[in-house]
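# Descriptive analysis of the structure
For reference, the chains in residue letters:
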There are 2 protein chains.
Amino acid sequence: MIGRVDAVLGALGSRAETLGISEIARRTGIPKASTSRIVAELVEHGYLERTDAGVGLGLRLFELGGRAARPLDLRRLALVHMADLRGATGQTVHLAVLEGTEVVYIEILRSRSTPPLPSRVGGRVPAYATGVGKALLADLPPERLEAHLPERLVPVGPRTVTDRELLVRELAGIRERRISYEREESAPDVGCAAVAIRGEDGEPIAAISVSVHLGSADLAALGIAVATAANAIAREAAKARYRGAGGSARRRRQAR
Amino acid sequence: MIGRVDAVLGALGSRAETLGISEIARRTGIPKASTSRIVAELVEHGYLERTDAGVGLGLRLFELGGRAARPLDLRRLALVHMADLRGATGQTVHLAVLEGTEVVYIEILRSRSTPPLPSRVGGRVPAYATGVGKALLADLPPERLEAHLPERLVPVGPRTVTDRELLVRELAGIRERRISYEREESAPDVGCAAVAIRGEDGEPIAAISVSVHLGSADLAALGIAVATAANAIAREAAKARYRGAGGSARRRRQAR
DNA sequence: GCATGCGTTCCACTGAACGAGACGACCGCG
DNA sequence: CGCGGTCGTCTCGTTCAGTGGAACGCATGC
């Protein structure tokens, strides 16, 4: 049942649109009568809303979304340091987490000096094609890397690395030097320096980055500033005993 | 089933905390075994996350929340005008919608000149105790007002109007002059001028306000600026054929 | 060791969820 | 205007997904 609810919500959330019952049914593969019933119940509870143009995601999600634990925690830890970094560099600053094979943007402090970026708070981009994503992938133990790479590396931007071996080698380099660079891998004309942030247990919990017009700034110099901010956030996380999400067996063992 | 899911999500969202299964069960009245199963399924789909401290709302809600139709639409219509208003007044600007007996804040552009406000994007406050709420209540047809007032008007701030007749009379005055004022009804030391924004069909779709230290500014003068911004937003809404949420019978009739 | 509380799993039960089909409303087209 | 197609909702017999009490292992405190 929750799978069906998720499918309906996902159909409406994938492109922030309103759809009719029949179209939702087509997209989710759920029969029309069932779709109608599920939608009616979701509307009743505020998760969906009816408009003249069809059904859209409802205010209840907006309210609950603002209370999601990880964004709240990470923002609390990172926001002042992000603002510091934006102040120091004059560029757009991102905070993102790794989720499956993608990064989800938690917070974006925008600057006019940076080109318009396709990134969106709450949005997802394939991790391998972004600076923050590569920083996070590089910080994983090698045996866990495979789970976070899709089978095929599809081009996202003009210079996305789609060769798996090349990418793995790049990640090894990032692991060594800790700073990840992106050059037009996710969007044209965009460069970026990113660093993973570690939680109390040394595991990566998020990554922070500065984005620029490619070629307009020295990425290596920016990388040092980003690493500085990442360290400050990591220290806050350690102080708060913060470790991100996941009650996994691995973490359970370490805690006991 | 969706009612139970909503109860679980609501228990975790009401105070942005993490809880154990047993505590969720106690708060929702759902038996522990069922709670455990529902939680497991919600975790599997990303709506909840497990941490060391318990279960919290998950990233999926964060992602979907950012795609809720009404906040997206209203922000698109209102954001530049809100920024204009903040620029002109130097104060914090709110955008809110009426939902049941409460307002939900859609966007808040904060200013340092305004005292720290308890309002929060995605948060709820009783409508009768806020400037934006009273503006929206006043703009309702009288026969629909009762549905948006709670049985008992509970004090929220030091000067909340808790006498029903007094409030109804005040709403009538707001209906006449259109500008709603708030003086410490929702929080101490806070004054506010607010105006309802109408959609294409003339129905109230949201309200916009400026908040100040009470006594630090002329609320009537601010009210005129707020009305100016509300008009501009209403014009955008009309241009976009925007009418807010609700596929009600009343609206259906007018559309045909 | 005992008591208490936690979270998970099991399993018999049942009623909530299910989907095919019907139907009225609406729309576009000839 | 009639027809065909699509929409969203409702009906109803079916069934299986969801349910909750009980059991259980684990952790904690006394």
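Residues numbered from 1 in each chain as written. Chains lettered and ligands numbered in written order. Predicted model: local features only at pLDDT ≥ 70, side-chain atom pairs only at ≥ 80, totals over all residues.

## Some thoughts on the protein's contact with DNA strand D
- Around DNA strand D there are 16 residues in total, and Met1(A), Gly20(A), Ser22(A), Ala33(A) and Ala33(B) lie nearest to it.
- Of all the secondary-structure elements, those providing two or more residues to the surface near DNA strand D are α2 (21-28) and α3 (32-44) of chain A together with α3 (32-44) of chain B.
- Broken down by element, the surface near DNA strand D gets its largest block of residues, four residues, from α3(B).
- Grouping the constituent residues of the surface near DNA strand D by class yields eight nonpolar, five polar and three charged. (Near = placed C-beta within 6 Å. Helix = DSSP H or I, 4+ residues; strand = E, 2+ residues; numbered from the N terminus. Nonpolar A, V, L, I, M, F, W, Y, C, P; charged D, E, K, R; others polar.)

## Here's the deal with the sheet that holds strand β6 (residues 179-183) of chain A
Residues and elements named next belong to chain A.
- Strand order in this open sheet of six strands is β5-β4-β3-β8-β7-β6, and the pairing throughout is antiparallel. Two strands in the sheet have a free side with no partner beyond their single neighbour: β5 (124-126) and β6. Averaged over all neighbouring strand pairs, the angle between strand axes comes to 30°, with direction disregarded.
- Judged from the seven bridges that link them, strand β3 (residues 92-99) and strand β4 (residues 102-109) form a sheet pairing that is antiparallel. Within β4, the position partnered with Ala-96 by the bridge is Tyr-105. (Pairing = 2+ DSSP bridges. Axes fitted to C-alpha atoms, helices over the stretch in contact; angles between N-to-C directions.)

## A word on the nonpolar core
- Core analysis: the largest hydrophobic core is formed by 147 residues, its most contacted members being Ala207(A), Ile208(A), Val226(A), Ala207(B), Ile208(B) and Val226(B).
- In contact with Val226(A), not counting residues within four places along its chain, are Leu85(A), Ile179(A), Ala193(A), Ala194(A), Val195(A), Ile208(A), Ser209(A) and Val210(A). (Core = buried A, V, L, I, M, F, W, Y, C linked by C-beta atoms within 7 Å. Buried ≥ 20, exposed ≤ 12 C-beta atoms within 10 Å, placed from the backbone. Contact = placed C-beta atoms within 7 Å.)

## Comments concerning the relation of the copies chain B and chain A
- For the pair chain B and chain A, the best superposition has an RMSD of 0.0 Å and corresponds to a rotation of 180° with a translation of 0.0 Å parallel to the axis. The transformation just described matches what one would write down for a two-fold rotation axis. When C-alpha positions in chain B are compared against the rotation axis, the closest is assigned to Gly65(B), at 2.4 Å.
- A shared interface surface links the copies, since 100% of the contact residues of chain B are contact residues in chain A too. (Least-squares fit on C-alpha atoms with pLDDT ≥ 70 in both.)

## Some details on the protein's contact with DNA strand C
- Around DNA strand C, 17 residues are found, and the nearest of them are Ser34(A), Met1(B), Gly20(B), Ser22(B) and Ala33(B).
- For the surface near DNA strand C, the secondary-structure elements that each account for two or more residues are α3 of chain A together with α2 (21-28) and α3 of chain B.
- Of the residues belonging to the surface near DNA strand C, the class tally is eight nonpolar, five polar and four charged.

## Quick notes on unusual backbone geometry
Residues and elements named next belong to chain A.
- The residue Asp-189 is not glycine, and still its phi comes out positive at about 70°.
- By the element assignment, Asp-189 lies in the loop between β6 and β7 (190-198).
- Judged by the 15 C-beta atoms lying within 10 Å of it, Asp-189 falls in the partly exposed class.

## Re helix α1 (residues 2-13) of chain A
- Along its 12 residues, α1(A) runs 16 Å from first to last C-alpha, staying within 8% of the 16 Å computed at 1.5 Å per residue.
- Residues of α1(A) that are buried: Val5(A), Asp6(A), Val8(A), Leu9(A), Ala11(A), Leu12(A) and Gly13(A).
- Next to the buried residues of α1(A) lie α2, α3 and β2 (54-57) of chain A together with α1 (2-13) and α4 (59-65) of chain B. (Expected span 1.5 Å × (residues − 1).)

## Some points on the domain arrangement of chain A
- Annotation of chain A at the domain level lists domain 1 (2-64) and domain 2 (69-250).
- Here domain 1 of chain A and domain 2 of chain A have C-alpha centroids that lie 32 Å from each other. (Domains from an automatic or database assignment.)

## Side note on the interface of chain B and chain A
- On the chain A side, the residues contacting the 41 residues of chain B number 41 residues.
- At the level of secondary structure, the elements contributing two or more residues to the side of chain B that touches chain A comprise α1, α3, β1 (48-51), β2 (54-57), α4 and α5 (69-89) of chain B.
- Among the residues forming the side of chain B that touches chain A, the class breakdown is 19 nonpolar, 12 polar and 10 charged.

## Let's talk about the packing of helix α5 (residues 69-89) of chain A against helix α9 (residues 219-239) of chain A
Residues and elements named next belong to chain A.
- Their axes nearest at 9 Å, the elements α5 and α9 cross at an angle of 160°. Taken together, the axes of α5 and α9 lie roughly antiparallel to each other. As for how α5 packs across α9, the hand of that crossing is right-handed. When α5 is examined against α9, the residues Leu-77, Ala-78, His-81, Asp-84, Leu-85, Ala-88 and Thr-89 are found in contact with a partner set consisting of Leu-222, Ala-225, Val-226, Ala-229, Ala-232, Ile-233, Glu-236 and Ala-237.
- Residue composition of the contact of α5 with α9, grouped by class: 11 nonpolar, two polar and two charged. (Parallel < 35°, antiparallel > 145°, perpendicular 65-115°, else oblique. Left-handed = near helix turned anticlockwise from the far one by under 90°.)

## So, the sheet that holds strand β4 (residues 102-109) of chain B
Residues and elements named next belong to chain B.
- Spatially, six strands are ordered β5-β4-β3-β8-β7-β6 in an open sheet, and the strand pairing comes out antiparallel. Of all strands in the sheet, those bounded by a partner on one side alone are β5 (124-126) and β6 (179-183). Neighbouring strand axes in the sheet, compared pairwise and without regard to direction, differ in orientation by 30° on average.
- Bridge analysis of β4 against β5 gives three bridges, and the strand direction is antiparallel. Among the inter-strand pairings, Glu-102 is bridged to a residue of β5, identified as Pro-126.
- Contacts from α5 reach β3 (92-99), β4 and β8 (204-213), with the element oriented near 60° to β4.
- Relative to strand β7 (residues 190-198), helix α6 (residues 131-138) is tilted by about 35°, and along the sheet it contacts β3, β4, β5, β6, β7 and β8.

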